Amino acid sequence: QVQLVESGGGLVQPGGSLTISCAVSGSGFTFGFYAMNWYRQVPGKERDLVASITSAGSRTDYADSVKGRFTISRDNAKNMVYLQMNSLKPEDTAVYYCNPEEIFWRRYPGVRVWGQGTQVTVSS
């Protein structure tokens, strides 16, 4: 019953900026108890982790490919996670997904689910 809804993607020129959002809904869990992640996937390739944030937002981690350009944040009162993307490059083009840390899925629904993702295209 967990729902993950990503939004805010679009077409951006190289060097541009975009912020995408993830809304988490459902029952039987406290959103603010779990770390959240952003992933991205290019057609024909595996889904890769790009950013993580701890439950209270006190720590963040990034893939080397986005470090210094992307910022992950969260609003636990709204059950929302955000990814601010600056200095975008064509290689950032992908479908972006959010998902909780692994321990969430061991406790809650029994199997990991994914949202539809949001498409980010960086092209001139």
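As shown above, the structure is provided for reference.
It should be emphasised that the depicted structure is a prediction, and the values quoted were computed from it without experimental measurement.

(A) Looking closely at the sheet that holds strand E1 (residues 3–7). A sheet is described by the order of its strands in space; here 4 strands give the open sequence E1-E3-E8-E7, paired in antiparallel fashion. Across the chains shown, the open sheet's two edge strands, defined by having one partner strand only, are E1 and strand E7 (70–75). Strand-to-strand twist across the sheet, computed as the mean angle between neighbouring axes with direction ignored, equals 15°. Pairing geometry for E7 and strand E8 (residues 80–85), over 6 bridges, is antiparallel. Paired with Ser-73 across the two strands is Tyr-82, which belongs to E8.

(B) Highlighting the nonpolar core. Trp-38, Leu-83, Met-85 and Tyr-96 are the most contacted members of the largest nonpolar core, which totals 31 residues. Every element with two or more residues in this core is listed here: strand E3 (18–25), strand E4 (36–41), strand E5 (48–53), E7, E8, strand E9 (94–100), helix H1 (102–107) and strand E10 (118–122). For this core, the leading source of residues is E3, giving 4 residues. With residues near it in sequence (within four places) discarded, Tyr-96 still touches Glu-6, Ile-20, Trp-38, Tyr-39, Arg-40, Phe-70, Leu-83, Met-85, Gly-117, Thr-118 and Val-120.

(C) Inspection of the packing of aromatic side chains at higher detail. Under the defined criterion, the tally for this structure stands at 7 aromatic pairs. Between Phe-29 and Tyr-108 the ring centres are 5.2 Å apart and the planes differ by 75°, which places this aromatic pair in the edge-to-face class. Within this pair, whereas Phe-29 is found in the loop between E3 and E4, its partner Tyr-108 is found in the loop between H1 and E10, the two being separated by 79 residues in sequence. Judged by relative accessible area, which is 17%, Phe-29 ranks as buried. An angle of 80° between the planes, with centres 5.1 Å apart, marks the rings of Tyr-39 and Trp-114 as edge-to-face.

(D) Seen up close, unusual backbone geometry. Despite not being glycine, Asn-79 shows a phi value in the positive range, around 55°. Relative accessible area serves as the criterion here: at 24%, Asn-79 is assigned to the partly exposed category. The phi dihedral of Ser-87 falls on the positive side, at around 50°, and the residue is not glycine. If you trace the backbone, Ser-87 turns up in the loop between E8 and E9.

(E) Just the sheet that holds strand E2 (residues 11–12), in detail. Read from one edge to the other, the open sheet built from 6 strands follows the order E2-E10-E9-E4-E5-E6, with strand pairing classed as mixed. Across the chains shown, the open sheet's two edge strands, defined by having one partner strand only, are E2 and strand E6 (60–62). As paired elements, E4 and E5 share 5 bridges and run antiparallel to each other. Bridge pairing links Tyr-39 to Leu-49 in E5.

(F) Fine view of the pairing of E5. Connecting E4 to the antiparallel partner E5 that follows it, the hairpin turn spans 6 residues, and Gly-44 within it adopts a positive phi of roughly 85°. Of the strand pairs in this sheet, E5 and E6 are connected by 3 bridges, and their pairing is antiparallel. By the bridge assignment for E6, Ala-51 is matched with Tyr-62. In textbook terms, the turn of a hairpin is the stretch between consecutive antiparallel strands, and for E5 and E6 this stretch comprises 6 residues, one of which, Gly-57, has a positive phi near 80°.

Rules behind the numbers
Residues numbered from 1 in each chain as written. Predicted model: local features only at pLDDT ≥ 70, side-chain atom pairs only at ≥ 80, totals over all residues. Heavy atoms only, no water. Pairing = 2+ DSSP bridges. Helix = DSSP H or I, 4+ residues; strand = E, 2+ residues; numbered from the N terminus. Axes fitted to C-alpha atoms, helices over the stretch in contact; angles between N-to-C directions. Core = buried A, V, L, I, M, F, W, Y, C linked by side-chain atoms within 4.5 Å. Buried < 20%, exposed > 50% of the residue type's maximum accessible area, 1.4 Å probe, protein only. Contact = heavy atoms within 4.5 Å. Phe/Tyr/Trp six-rings, centres within 6.5 Å; stacked < 30°, edge-to-face > 60°.

Limitation: the analysis is restricted to geometry and does not speak to function.
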